[in-house]
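The residues making up each chain are set out below.
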Amino acid sequence: MKTSFSVALKYGIFIAVTLIAYFLFVRLFNLHENIWLRLFNGLIMASGIYYGIKYYKLSVSDSFTYIDGFKTGLITGFVGTVLFTAFMAIYMFHIDPKFTEALLGEWFSNYGEGTGILVFIILIEGLASTVVLTLTFMQLLKKSYNISQKA
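First, a word on scope: everything that follows refers to the structure included in this document. (Residues numbered from 1 in each chain as written. Predicted model: local features only at pLDDT ≥ 70, side-chain atom pairs only at ≥ 80, totals over all residues. Heavy atoms only, no water.)

Here we look at the packing of aromatic side chains
For the coordinates displayed, the defined rule picks out 11 aromatic pairs. For the ring pair Phe 25 and Phe 29, a centre distance of 5.1 Å and an interplane angle of 75° mean the geometry is edge-to-face. Between Tyr 66 and Phe 70 the ring centres are 6.2 Å apart and the planes differ by 10°, which places this aromatic pair in the stacked class. Remark: Phe 70 and Tyr 66 occur in helix 3 (residues 66–95); sequence separation between them is four residues, near one turn of the helix. Using a relative accessible area of 31% as the deciding quantity, one classes Tyr 66 as partly exposed. Through successive ring pairs, a cluster of aromatic residues spans Phe 23, Phe 84, Phe 87 and Tyr 91. Cation over ring: Lys 10 sits above Tyr 55, and NZ or CZ is 4.6 Å from the ring centre. (Phe/Tyr/Trp six-rings, centres within 6.5 Å; stacked < 30°, edge-to-face > 60°. Helix = DSSP H or I, 4+ residues; strand = E, 2+ residues; numbered from the N terminus. Buried < 20%, exposed > 50% of the residue type's maximum accessible area, 1.4 Å probe, protein only. Lys NZ or Arg CZ within 6 Å of the ring centre and 35° of its normal.)

Structure, rendered in structure tokens:
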């Protein structure tokens, strides 16, 4: 029997690997500074959380509760976000420090905290989208107790 945590860990790692692969693919074509291409990150996160919750629901079928699904979605998104944030921190601090300067421009030279702020923004953005997406998907995947009435 699959546990909520094992499913969340599997799909969270899938999210992180997919986000890293997408970033490196975009970097390959030197489009990594285009802010609009980050919209696809949201689709990757959304699909990972949705399929994580859905897989867990299918694996436990009758014993699926809202709390278990919500927990699965949150852990999935948190794992994916933390792993991707760690990758981006390594990338921005050690592999390509010029990437941060290109993104922040003037702001980087004024405050000198640009890379740390970007890593923090990536983390907060991922965690916030995790909560919103999990709440949204649980509305679709929760058990319904509505009784349909025929007129």
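Overview of the packing of helix 2 (residues 39–60) against helix 3
Between helix 2 and helix 3, the least distance of the axes is 9 Å, while the angle of their chain directions is 140°. The handedness of the crossing between helix 2 and helix 3 comes out as right-handed. Seen from helix 2, the contacting residues are Met 45, Gly 48, Ile 49, Gly 52, Ile 53 and Tyr 56; seen from helix 3, they are Asp 68, Gly 69, Thr 72, Gly 73, Thr 76, Gly 77 and Thr 81. Taken together, the residues of the contact of helix 2 with helix 3 sort by class into four nonpolar, eight polar and one charged. (Axes fitted to C-alpha atoms, helices over the stretch in contact; angles between N-to-C directions. Left-handed = near helix turned anticlockwise from the far one by under 90°. Contact = heavy atoms within 4.5 Å. Nonpolar A, V, L, I, M, F, W, Y, C, P; charged D, E, K, R; others polar.)

Examining the nonpolar core
Soluble, globular proteins show a tendency: their nonpolar side chains are buried together. Phe 23, Ile 49, Ile 53, Phe 84, Met 88 and Met 92 are the most contacted members of the largest nonpolar core, which has 29 residues in total. If we skip the residues at most four places from it in the chain, Phe 23 touches His 32, Phe 84, Phe 87, Met 88, Tyr 91 and Phe 99. (Core = buried A, V, L, I, M, F, W, Y, C linked by side-chain atoms within 4.5 Å.)

Focus: the side chain of Thr 85
Tracing the backbone through its elements, the reader meets Thr 85 in helix 3. Here Thr 81 takes part through its backbone oxygen, which lies 2.7 Å from a polar atom of the side chain of Thr 85. Setting aside residues up to four positions removed in sequence, Thr 85 forms contacts with Val 119, Ile 122 and Leu 123. (Polar contact = N/O pair within 3.5 Å; in protein donor to acceptor, adjacent residues only side chain to side chain.)

Overview of the pattern of salt bridges
According to the stated counting rule, one finds one salt bridge in the structure shown. Among the salt bridges present, the one from Asp 96 reaches Arg 27, with a minimum N-O distance of 3.8 Å. On the criterion of sequence distance, the pair formed by Asp 96 in the loop between helix 3 and helix 4 (97–104) and Arg 27 in helix 1 (residues 4–28) is long-range, its members being 69 residues apart. Take Asp 96: its relative accessible area is 14%, and that puts it in the buried class. (Salt bridge = Lys/Arg side-chain N within 4 Å of Asp/Glu carboxyl O.)

Focus: helix 2
End to end, helix 2 covers 33 Å across 22 residues, agreeing with the expected 32 Å (1.5 Å per residue, within 8%). Along helix 2, the positions that sit buried rather than exposed are Asn 41, Ile 44, Met 45, Ala 46, Gly 48, Ile 49, Gly 52, Ile 53, Tyr 56 and Val 60. (Expected span 1.5 Å × (residues − 1).)

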